[in-house]
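As a plain string of letters, each chain reads:
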Amino acid sequence: MLAAATALVFAASLAAAADVGVWTPAGSSGVVCIHTALLPNSRLICNERPHQNMYPANANTGGLVSAEIDLLNGADVNGFGSWTAKFTPREVATDPLCAGHSLLANGSWFQAGGDPYGANNGQNPPDGRKSRRIYNPCPVGAAADCVGSWTTLPDMTTQRWYPTVATLADGSVIIIGGTTDAINFGQLADINNPTYEYWPSKAGDPRHLDILSWAFPNMLYPMVFVMPSEHVFLFVSNKTVIIDPKTDNLIYTVPDMPVMDHAPWIYPHIPTMTVLPMTIKNNFKFTLQICGGSRQTTIDASPMCWQISPEDASPQWTRIDDMPRGRLMIDSVIMPDGKILYLNGGSWGVAGGDPGEAGSAGGPIMAPDLFDPEAPSGSQWSTLASASNYRMYHSGALLLETGHIVTFGSDINNQDDAVNKKADCMPQVQQFNAGCQDPFNTNIERFAPPYLQRAERNGRPVISKAPDTTTHNSTFIVELSTAASNVARVTFIRQASTTHQTNTDQRFIELNILGRSDKALLVQAPDLAGRAPPGRWFLFVLDKDGVPSVSKTVFLQLGAATQVPAGTNGITSSKNAAKAASSFSGISSLITAFAAAVSAFAF
Ligand SMILES: *[C@@H]1O[C@H](CO)[C@@H](O)[C@H](O)[C@H]1NC(C)=O
Ligand SMILES: *[C@@H]1O[C@H](CO)[C@@H](O)[C@H](O)[C@H]1NC(C)=O
Ligand SMILES: *[C@@H]1O[C@H](CO)[C@@H](O)[C@H](O)[C@H]1NC(C)=O
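All figures in this text were calculated on a predicted structure; none of them were measured in a lab. (Residues numbered from 1 in each chain as written. Chains lettered and ligands numbered in written order. Predicted model: local features only at pLDDT ≥ 70, side-chain atom pairs only at ≥ 80, totals over all residues. Heavy atoms only, no water.)

1. Describing the overall build of the protein chain
Line of reasoning, step 1. When its secondary structure is counted, the protein chain shows seven helices and 39 strands.
Line of reasoning, step 2. In the protein chain, buried positions account for 61% of the 603 residues.
Line of reasoning, step 3. Pairs at least 24 residues apart make up 66% of the contacts formed inside the protein chain by residues separated by at least 6 positions. (Helix = DSSP H or I, 4+ residues; strand = E, 2+ residues; numbered from the N terminus. Buried < 20%, exposed > 50% of the residue type's maximum accessible area, 1.4 Å probe, protein only. Contact = heavy atoms within 4.5 Å.)

Printed below as a string of structure tokens:
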């Protein structure tokens, strides 16, 4: 009785305080998660930089540079309670540091390129600059002791260090740019690789791209996104070219970005570019947003954010509200409710790991800033609770099935070195200082956004069944063990991989709800493969309070659309659906879209 009363008081005091999210330590990744992908069953696969010179091989992994991480490791599927990640070292044949990557249609992780550090070191994998490799994860629902493995594909035509890779509408992959050697911004040498190619390879690979020659040296990790038209958006520094991957024609319809007081909008000044959520309310408009990076006149981070809708008839760059602070080496994570968390990074300096550059960025920013794309100008940003760990160069963040966000990584060139004046601690400096601490950050930190605080207090919607696969524009049933009438939105987010603040995988598409019964929803998959590239997607349902379910993983595959037969799960008529809709107290445009969708659907 006493315990219950205490719990009640505690819950009431929690509810009274504004929710700003909760950070919790989540265990060790074994390696520094510089390159990170989400795998099925709340796992990550991470690659680190081979340890060099005075740093002995990674003792966690016996020198291996890759590890698969089981984040939940037996914890409750909601993710509530504590986590202690468990890592399993994995062997990768060539050095993957500074590869580009994306998740394939079948959910495997494709990588192109790397570096030669391992070879230099003698104890780590050989030169990976021409390599292509795939990590095949265990299937969804595999036994707890299952781990995935790396396989090697045939080499590329050329060496690529810092390329960008994106999965295209047809499930193939485009590999763009990179250098043939380490770039030294102070002493530029001709090491550009101003070309792109495909995987599977196509006749004519590699293909020259003038824009990459023009932008050198501001062309590392170019920003690359497939668009609803299936064309590929490519941005470097302040210029855009659009590639039609069916013809390799180049299209120049996007104007140059206004530069103002901003250094080139690319590595090593390191802003981040994100596909904004495509929603019923914005009629699934394709818009990109770029935020952060450094200023031109000082080394301080910029707070600016700009948007472009590149498939408009005459696209224009639009400046939106500044972030609450300048931030560089910034990551973005699109959340199940369509808000975007901007986090990690610092307030001054540049990225990079050239000899002598370590410590050249600092002022770590521990608090995430939350961007609400639907908020009116002037109130688009708010600030949430601060993390305990800084995440500077070689760090990242990803969304999980549970709705949590994890942050990971950080090595060299970081605040720990800078603040503690550990000038001899950089991996590439020859002298070993016995006082040096390990600069390799292998801790993982978990963020429960405010919606999970509400979920812990009030519960969350529960998906009991959804299809493992679907095809574009198909309709399918989502069964719930909570009331369907309480569902306000169904959202689809592509599972992602990230490195160097580059994530070509993540994108968010709201699904149309076509009908409901007591415990089921009839929804429609995204319409176009350019809008929604094939792959592994999170399916979330959200209640009227914006609290998401744990997601169900759905493979969105290429193929003809299929329709759920009338009558399935008691969703028998538009009358039923309309009844559910009238009890829904949400946005009127949703109801309008709903009505349109219902009339298009033959019950
Ligand atoms: C996924 O697809 C790639 C490319 O076709 C292939 O190499 C890989 O083996 C596939 N993975 C699995 C687990 O089937
Ligand atoms: C645009 O980018 C190029 C290449 O990085 C750079 O030389 C130029 O200064 C930038 N333009 C402006 C106005 O800053
Ligand atoms: C998707 O399905 C809707 C009907 O639900 C139809 O109106 C639309 O044309 C389809 N889109 C595509 C790209 O096939």
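We are not done yet, so read on.
2. Here we look at the side chain of histidine 500
Line of reasoning, step 1. Tracing the chain through its elements places histidine 500 in the loop between strand E35 (497-499) and strand E36 (508-516).
Line of reasoning, step 2. Classification of histidine 500 as buried rests on a relative accessible area of 2%.
Line of reasoning, step 3. In terms of polar contacts, histidine 500 uses its side chain to reach the side chain of tyrosine 221, at 3.4 Å.
Line of reasoning, step 4. Engagement of the side chain of histidine 500 in a polar contact is seen with the side chain of tyrosine 393, the distance being 3.3 Å.
Line of reasoning, step 5. Contact partners of histidine 500, with chain neighbours within four places excluded, come to Ile34, His35, Cys98, Tyr221, Tyr267, Ile270, Tyr393 and His394. (Polar contact = N/O pair within 3.5 Å; in protein donor to acceptor, adjacent residues only side chain to side chain.)

3. Observations concerning the site of ligand 3
Line of reasoning, step 1. Residues in contact with ligand 3, as listed here, are Asn473, Gln524 and Leu528.
Line of reasoning, step 2. For ligand 3, an oxygen atom lies 2.4 Å from a polar atom in the side chain of asparagine 473.
Line of reasoning, step 3. Measuring from an oxygen atom of ligand 3, one finds a side-chain N or O atom of glutamine 524 at 3.0 Å.
Line of reasoning, step 4. Protein chains bury 42% of the 360 Å² of accessible surface belonging to ligand 3 in isolation. (Near = heavy atom within 4 Å. Areas by Shrake-Rupley, 256 points an atom, 1.4 Å probe, with all protein chains shown as cover.)

4. Looking at the environment of proline 255
Line of reasoning, step 1. Relative to the helices and strands, proline 255 is located in the loop between strand E17 (249-251) and strand E18 (272-275).
Line of reasoning, step 2. Assessed through its relative accessible area of 29%, proline 255 is described here as partly exposed.
Line of reasoning, step 3. Separated by 55 residues in the primary sequence, proline 255 and proline 310 have C-alpha atoms spaced 9.4 Å apart.
Line of reasoning, step 4. Those residues in contact with proline 255 that sit more than four places away from it in its chain are Pro315 and Trp317.

5. Here we look at the site of ligand 1
Line of reasoning, step 1. Looking at ligand 1, the residues that line it are Leu104, Asn106, Ser108, Ile134, Asn136 and Trp199.
Line of reasoning, step 2. Within the side chain of asparagine 106, one N or O atom sits 2.3 Å away from an oxygen atom of ligand 1.
Line of reasoning, step 3. A distance of 2.7 Å separates a nitrogen atom of ligand 1 from a polar atom in the side chain of asparagine 136.
Line of reasoning, step 4. Coverage of ligand 1 by the protein amounts to 47% of the 370 Å² it exposes when considered alone.
Line of reasoning, step 5. Classifying every residue of the shell around ligand 1 by side-chain character gives three nonpolar, three polar and no charged. (Nonpolar A, V, L, I, M, F, W, Y, C, P; charged D, E, K, R; others polar.)

6. Details of the state of the cysteines
Line of reasoning, step 1. Applying the stated criterion across every chain yields a total of three disulfides.
Line of reasoning, step 2. Note on cysteine connectivity: cysteine 33 is disulfide-linked to cysteine 46, with sulfurs 2.1 Å apart. Because the torsion about its S-S bond is 90 degrees, the bridge between cysteine 33 and cysteine 46 counts as right-handed. Highlighted residues: cysteine 33 in the loop between strand E1 (22-28) and strand E2 (35-39) and cysteine 46 in strand E3 (residues 43-47), separated in sequence by 13 residues. (Disulfide = S-S within 2.5 Å.)

7. A look at the pairing of strand E16 (residues 239-244)
Line of reasoning, step 1. Buried residues dominate E16, accounting for five of its six residues.
Line of reasoning, step 2. Relative to E16, strand E15 (residues 232-236) runs antiparallel, the two sharing five bridges. The residue of E16 that forms the bridge with phenylalanine 233 is isoleucine 242.
Line of reasoning, step 3. Between E15 and E16, which pair antiparallel and follow one another directly, the connecting turn spans two residues, one of which, serine 237, has a positive phi of 70 degrees.
Line of reasoning, step 4. By the bridge criterion, three bridges tie E16 to E17 in an arrangement that is antiparallel. Looking across to E17, one finds that aspartate 244 is bridged to asparagine 249.
Line of reasoning, step 5. With antiparallel pairing between neighbouring strands as the criterion, E16 and E17 make up a hairpin whose turn holds four residues, including aspartate 248 at a positive phi of roughly 60 degrees. (Pairing = 2+ DSSP bridges.)

8. Topic: the packing of aromatic side chains
Line of reasoning, step 1. Within this structure, the stated rule accounts for 15 aromatic pairs.
Line of reasoning, step 2. Judged by centre distance (5.8 Å) and plane angle (40 degrees), the ring pair of tryptophan 109 and tryptophan 150 falls under tilted. Of this pair, tryptophan 109 sits in strand E7 (residues 109-112) while tryptophan 150 is found in strand E9 (residues 149-153), placing the two residues 41 residues apart along the sequence.
Line of reasoning, step 3. In this structure tryptophan 150 comes out as buried when scored by relative accessible area, which is 11%.
Line of reasoning, step 4. Geometrically, the ring pair formed by tyrosine 162 and tyrosine 221 is edge-to-face, given 5.7 Å between the ring centres and 90 degrees between the ring planes. On the criterion of sequence distance, the pair formed by tyrosine 162 in the loop between E9 and strand E10 (164-167) and tyrosine 221 in the loop between helix H3 (210-215) and strand E14 (223-226) is long-range, its members being 59 residues apart. Grouping residues by exposure puts tyrosine 162 and tyrosine 221 together as buried.
Line of reasoning, step 5. Ring pairs connect the aromatic residues Trp161, Tyr162, Tyr221, Tyr267 and Tyr393, which therefore count as one cluster.
Line of reasoning, step 6. The ring of tryptophan 214 is capped by lysine 239, whose NZ or CZ atom sits 5.1 Å from the centre of that ring. (Phe/Tyr/Trp six-rings, centres within 6.5 Å; stacked < 30°, edge-to-face > 60°. Lys NZ or Arg CZ within 6 Å of the ring centre and 35° of its normal.)

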